[in-house]
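Tertiary structure, described
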Amino acid sequence: MSATEWFQARLRSGEKSGEKAAAKVPVASDGAARGAPKSAAKPSMRSTAERLQATLRKADEALSPRALRRVLTALQAVIDPRVSEVEGGRRAHAIAREYAAATPEERRDYWALMSEHFAADPHKLKSARDQHQAAVGTPDEGQAELRLRRALVSPRMRLLQRFAVEPEGMRFLVDLRAELLPFLKSDKRLLALDAELEHLFSTWFDVAFLELRRIDWHSPASLIEKLIRYEAVHDIKSWTDVKNRLDDSDRRCYGFFHPRLPNEPLIFVEVALVDCISDGITPLLDEAAVPIQPAKATTAIFYSISNTQTGLRGVSFGDSLIKRVVETLQEELPRLKTFATLSPIPGFRSWLARNAAELLPRLDEKREAELGRLVGSLPPTAERLLAAVEAPATLDAKSPLRQWLLQAAAEYLGHTLVDGTPADPVARFHLGNGARVERLNWAGDPSPKGLKQSYGLMVNYLYDLKRLDKHRAWIAEGKVAVSGDVESLFFKKG
């Protein structure tokens, strides 16, 4: 079935693709989505070691002691040193099938067993660490380091590797971690399992093992459906919308794929080929707009980047995706000289609600008086200012309220750091890749989502290919790279 036929069939059946776009839970398999726990209930007060020795199950426990012992025995059999990798993988696959049929509460018991009973041997680890410390600076240091490395490899690591032997094993582990993540705060015992999953994924999903593929209208219909489901920035509202993003000559979409997850994009980026840096999302998504000839384009705008797999949280490949896409576009279209984003500012509105009062002392006397007259309070208060900017579309270009919002946004993006990194998650991503804050765009996203996140403001991050390393060094020192236009918006006082 072609993509066009598939969309037409969905429209005939009354299932609109816009409704599908709202389902952004990035758990790939339907089974995982059905079985995922709905809330982070309190874990059992008893450890699995205590429960394994018990006879009766308590009210807050899912598996009985007998069932718990059976699952532990099955898990231990997976890494039995007497069995081959293939046989271990077969046994792990059998456990995965049981896990798929388990209730959410029972799945937590599987996690607890893997966390609590497959750690590295503490005595061997201490001995190896002591030997290594004693050997530092001697000819035996290399051998001691080797012994320490071996002691650090836990049975849990080998267990997880055996699950990946079967073709479906990678999908199983990624979905398992997606289910696990919401429970880490309430159950610290699961941290070890999560840490080893993240460590394995950082190796298995290294960019060296990923394939960059262009996604277009001729891609499999099932893949295009996943784009609709995973699109996290600008909802895809119809089949003509997705066709516009994939099929027009001045549009591109690229994704990273892993050989063990075929036709499952791990992350994808949507690109518009234009003749200048875009200041609003509406023209880019306009299905009636006349496309420009790609050969005449001078600028590539990255207007949507979506991660698709919750289970791969902490595994970074977005920066590599942008670099690879830039290289691909330059090879295809040599006239492209400018590479920038048109990005949301998702944390701005909530930040301003918390920090507006702290910005008031930084106003100069003239601006303070102007704002005070507009909101009916001298000096102006944070509450009245926030109420006055609730309808940003009514503020004209010369409005002091509009200028105040732009200044606040510049402070948020250019000066607000949390633990030495930008507070805004999108800014953290692009600035960490070496981009700079280039321009703030009033009414860049007038949609309800854009207004809710940032009063409709959007921002361009510029990827100056000659200065990426310099800007990355700055952000490591807690300094944000901004253009002269953005710098001019900073409050002069304070």
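Refer to the structure above for everything that follows.
1. Description of the packing of aromatic side chains
If you walk through the whole model with that rule in mind, you get 11 aromatic pairs. Pairing Phe 348 with Tyr 455 gives two aromatic rings, centres 6.0 Å apart and planes at 70°, and the pair type is edge-to-face. Linking Phe 348 in helix α17 (residues 348–359) with Tyr 455 in the loop between α22 (448–454) and β9 (458–462), this pair joins segments that are 107 residues apart in sequence. Accessibility expressed as a relative area gives 4% for Tyr 455, which makes it buried. A cation over an aromatic ring shows up here: Arg 229 above the ring of Tyr 230, its NZ or CZ 5.1 Å from the ring centre. The ring of Trp 474 carries Lys 479 above its face, with NZ or CZ at 4.1 Å from the centroid.

2. A short note on the packing of helix α6 (residues 85–101) against helix α7 (residues 104–116)
For the pair α6 and α7, the least separation of the axes is 8 Å and the interaxial angle reads 145°. Along the contact surface, α6 presents Ile 95, Glu 98, Tyr 99 and Ala 100, while α7 presents Arg 107, Tyr 110 and Trp 111. By residue class, the composition of the contact of α6 with α7 is five nonpolar, no polar and two charged.

3. Observations concerning the pairing of strand β4 (residues 299–307)
A large share of β4 lies buried, amounting to eight of its nine residues. Bridge count for strand β3 (residues 267–274) against β4 is eight bridges, and the pairing is antiparallel. Opposite Val 274, over in β4, you have Thr 299 as the bridge partner. Note: β4 against strand β5 (residues 338–341), four bridges, orientation parallel. Looking at the pairing, Ile 301 lines up with Ala 340 of β5. Regarding topology, helix α16 (residues 318–332) serves as the crossover connection from β4 to the parallel β5, and that connection is right-handed.

4. Looking at unusual backbone geometry
In the segment running from Leu 378 into Pro 379, the intervening peptide bond is cis, with an omega of -5°. One can find Pro 379 in the loop between α18 (365–375) and α19 (382–388). Of note in the backbone geometry, Asn 263 takes a positive phi value of approximately 55° without being a glycine. One non-glycine residue, Asp 419, lies in the positive phi region at around 55°. Within the secondary structure layout, Asp 419 lies in the loop between β6 (417–418) and β7 (421–422).

5. Brief notes about the pairing of β3
Burial runs high along β3: eight of the eight residues are buried. On β3, burial covers both faces: Ile 267, Val 269, Val 271 and Leu 273 on one face and Phe 268, Glu 270, Ala 272 and Val 274 on the other are all buried. Note: strand β2 (residues 251–257) against β3, six bridges, orientation antiparallel. Within β3, the position partnered with Arg 252 by the bridge is Val 271.

6. Considering the packing of α17 against helix α20 (residues 400–415)
As a packed pair, α17 and α20 sit with axes 11 Å apart at the nearest point and diverge in direction by 100°. Classified by the interaxial angle, the pair formed by α17 and α20 is roughly perpendicular. Across the interface between the two elements, Phe 348, Trp 351, Leu 352, Ala 356 and Leu 359 of α17 pack against Trp 404, Leu 405, Ala 408, Ala 409 and Tyr 412 of α20. The residue inventory of the contact of α17 with α20, partitioned by class, reads 10 nonpolar, no polar and no charged.

7. Some words on helix α5 (residues 65–78)
A rise of 1.5 Å per residue sets the reference length of α5, with its 14 residues, at 20 Å; its end C-alpha atoms lie 20 Å apart and thus fit the reference within 8%. Listing the buried residues of α5 in full gives Pro 65, Ala 67, Leu 68, Val 71, Leu 72, Leu 75 and Val 78. Viewed end-on, α5 has its buried residues packed into an arc of 160°, placing them on one side of the element. Residues of α5 that are buried in the fold lie against α4 (48–53), α6, α7 and α10 (155–163).

Cut-offs used in this document
- Residues numbered from 1 in each chain as written.
- Predicted model: local features only at pLDDT ≥ 70, side-chain atom pairs only at ≥ 80, totals over all residues.
- Heavy atoms only, no water.
- Phe/Tyr/Trp six-rings, centres within 6.5 Å; stacked < 30°, edge-to-face > 60°.
- Helix = DSSP H or I, 4+ residues; strand = E, 2+ residues; numbered from the N terminus.
- Buried < 20%, exposed > 50% of the residue type's maximum accessible area, 1.4 Å probe, protein only.
- Lys NZ or Arg CZ within 6 Å of the ring centre and 35° of its normal.
- Axes fitted to C-alpha atoms, helices over the stretch in contact; angles between N-to-C directions.
- Contact = heavy atoms within 4.5 Å.
- Nonpolar A, V, L, I, M, F, W, Y, C, P; charged D, E, K, R; others polar.
- Pairing = 2+ DSSP bridges.
- Right-handed = clockwise from strand over helix to strand, strands pointing away.
- Parallel < 35°, antiparallel > 145°, perpendicular 65-115°, else oblique.
- Expected span 1.5 Å × (residues − 1).
- Arc of directions from axis to C-beta.

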